[in-house]
Amino acid sequence: MTETAAAEPFVLDNSYARLPSEFHARAMPTAVAAARLIRVNRPLAVQLGLDAQALESPAGLDILAGNRVPKGAEPLAMAYAGHQFGNFSPVLGDGRAVLLGEIIDRNGARRDIQLKGAGRTPFSSRGDGRAALGPVIREYVVSEGMAGLGIPTTRALAMVATGEPVLRMRAEPGGVLTRVAASHVRVGTFEYFYRQGNNEAVRALADYVIDRHYPHVADADNPYHALLEEVAARTADLIAQWLLVGFIHGVMNTDNVSIAGETIDYGPCAFMDNYKPATVYSSIDRGGRYAYNQQPGIGQWNLARFAECLLPLLDDDEEKAIAQAQAVLERYIERFENTYHDGLAAKIGLQERREGDTELAYDLLKCMAEQGADFTLTFRHLADLGQASDSRDDGVRALFDDPAAFDGWAARWRQRLAEETRDDAARRVAMRAVNPAYIPRNHRIQQAIDAAEDGDYQPLEALLAVVARPFEDHPELADYARPPAPEEVVQRTFCGT
Ligand code: AMP
Ligand code: MG
């Protein structure tokens, strides 16, 4: 009986299960009728130190579908609360997800293995605990696309079709996503205990998070203050990176904000095609609270909710605690701006930073917004331009409603480029390394979902191939870089999992 672990796809540890009982509810996945494996993310499996073949075997499928749990698993649903569109919900929790447990990956990092769509839990309230295949595919594609872009995110290890219908606006095929996260602790997890006045649990959770994600802050004068600083810094960097690729999360409720600084809970998320700062795709975001350009401010609002939970741990004197928290929230804005402005400078090929660079980048964005230019392709094609205006300009110019509108900006940009020491070839390489050719475009995601629902997984596989390596050219799949034709444009995205 010593070698059974080799055949078991997951060897789990359960540190979250060892936290006090109010942190979670035991929850077994519910078996499904006719599980079929859609795919296993092999490169990720390798990174995690898992045996991809074992995952793809019938025994692996049984686990990925929730029909069996691995030996040693103590499956649970995590308790959390959250501010949803500004309103506080005291009890949310994992209503359609089960944490199987944690594994230690090849880098020694602890990662959660969660089945999303695995059936009802004690937190399901009136929900069915299930996920529709469409949103499962969307989360898989977009989270893997984010990973390809180098942006912190939860990952998708596998997708299974359940063979059971789920009832949404209509009956849809069901699916289960195996999600991997640094952890699933959210701002809302802290709020759950704080709002109950359970400061001991807040402290226990903070200690757990420090130990798991920020061990270096344990030695700080006040580790909880240092924790707040760290979470604020990671959140600032994360949201800056979203903006730099045109990503709109769509539901930045505090229950969808990871304490580890990963993008989490992909619902009605989307990447912009043409640059419009006030863009909203989510059908439920009527007021535009989570519009593209609202995200940095909402990030701060969410951090303020986190800071509130930590106040009792920051200082016994409430006023002093509040002052500390406010200072962190101000530094968050600074940090966001630094990361965002550095990122913009890199996107337009500036290596050195000069006065006026941010304005130059903002003027391009303004022109793009006025001229309906595609966000991704404008920056990608900008790399091709030389020091002097010539036919290589045509690719970018064609993206602007009035191509001449680009020329004035380009002249200023070239003047500024002349001050750089880096040569054109090196600049081009650097620009192509930060400006993707491929993003998971809405219309492609929709096509992949529609085809998959008809049993054709080829469009999904093609899309995944390009978004996993978005900075490389894929000549045979070049069409995936193309913005949607007018009839392909997706106006609205739905939560619907
Ligand atoms: P979201 O904003 O989509 O991340 O979900 C908000 C809350 O609703 C979370 O507590 C989810 O667990 C819960 N929830 C969403 N969909 C379902 C479902 N189909 N069944 C049970 N709970 C759900
Ligand atoms: Mg959520």
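Residues numbered from 1 in each chain as written. Chains lettered and ligands numbered in written order. Predicted model: local features only at pLDDT ≥ 70, side-chain atom pairs only at ≥ 80, totals over all residues. Heavy atoms only, no water.

Draft legend 1. Region of interest: the packing of helix 11 (residues 357–371) against helix 14 (residues 404–417). The N-to-C vectors of helix 11 and helix 14 enclose an angle of 165 degrees; their axes lie 10 Å apart at closest approach. When the interaxial angle is binned, helix 11 and helix 14 end up roughly antiparallel. In this structure, the crossing between helix 11 and helix 14 has a hand that is left-handed. Contacts between helix 11 and helix 14 involve Asp 357, Leu 360, Asp 363, Leu 364, Cys 367 and Gln 371 from the first element and Ala 405, Phe 406, Trp 409, Arg 412, Trp 413 and Arg 416 from the second. When its residues are assigned to classes, the contact of helix 11 with helix 14 shows 7 nonpolar, 1 polar and 4 charged. (Axes fitted to C-alpha atoms, helices over the stretch in contact; angles between N-to-C directions. Helix = DSSP H or I, 4+ residues; strand = E, 2+ residues; numbered from the N terminus. Parallel < 35°, antiparallel > 145°, perpendicular 65-115°, else oblique. Left-handed = near helix turned anticlockwise from the far one by under 90°. Contact = heavy atoms within 4.5 Å. Nonpolar A, V, L, I, M, F, W, Y, C, P; charged D, E, K, R; others polar.)

Draft legend 2. Spotlight on the site of ligand 1. Near ligand 1 there are 16 residues, and of these Gly 93, Gly 95, Arg 96, Asp 128 and Gly 129 occur at the shortest range. In this structure, a nitrogen atom belonging to ligand 1 sits 2.8 Å away from a main-chain N or O atom of Gly 129. When the free accessible area of ligand 1 is taken as 480 Å², the share hidden by the protein chains comes to 80%. Taken together, the residues of the shell around ligand 1 break down into 2 nonpolar, 7 polar and 7 charged. (Near = heavy atom within 4 Å. Polar contact = N/O pair within 3.5 Å; in protein donor to acceptor, adjacent residues only side chain to side chain. Areas by Shrake-Rupley, 256 points an atom, 1.4 Å probe, with all protein chains shown as cover.)

Draft legend 3. Expanded view of the coordination of the magnesium ion (ligand 2). At the metal site, the magnesium ion (ligand 2) is ligated by Asn 256 (OD1) and Asp 265 (OD), and these contacts range over 2.0 to 2.1 Å. Here the two residues Asn 256 and Asp 265 agree in accessibility, since each one is buried. (Donors = N, O, S within 2.8 Å, 3.2 Å for Na, K, Ca; no water. Buried < 20%, exposed > 50% of the residue type's maximum accessible area, 1.4 Å probe, protein only.)

Draft legend 4. How the structure looks around the pairing of strand 9 (residues 155–167). The pairing of strand 2 (residues 36–40) with strand 9 spans 4 bridges and is antiparallel. Its bridge partner lying in strand 9, Arg 39 is registered against Met 159. Bridging between strand 9 and strand 10 (residues 171–181) involves 9 bridges; their strand directions are antiparallel. Residue pairing across strands places Ala 156 opposite Arg 179, the latter belonging to strand 10. Remark: 3 residues form the turn of the hairpin made by strand 9 and strand 10, two consecutive strands paired antiparallel. (Pairing = 2+ DSSP bridges.)

Draft legend 5. View of the nonpolar core. Of all hydrophobic cores here, the largest spans 156 residues; its most connected members are Phe 10, Tyr 16, Phe 190 and Ile 348. Considering every element that reaches this core, the biggest residue donor is helix 8 (residues 223–245), with 14 residues. Beyond its immediate chain neighbours, meaning those up to four positions away, Tyr 16 contacts Phe 23, His 24, Leu 76, Met 78, Leu 99, Glu 102, Val 185, Thr 189, Leu 205 and Tyr 208. (Core = buried A, V, L, I, M, F, W, Y, C linked by side-chain atoms within 4.5 Å.)

Draft legend 6. Representation of unusual backbone geometry in the model. At Phe 85, a residue that is not glycine, the phi angle is positive and equals roughly 50 degrees. Its location among the elements puts Phe 85 in the loop between strand 4 (82–84) and strand 5 (87–89). One non-glycine residue with positive phi stands out, namely Ser 125, at about 40 degrees. Checked against the element boundaries, Ser 125 lands in the loop between strand 7 (110–116) and strand 8 (131–132).

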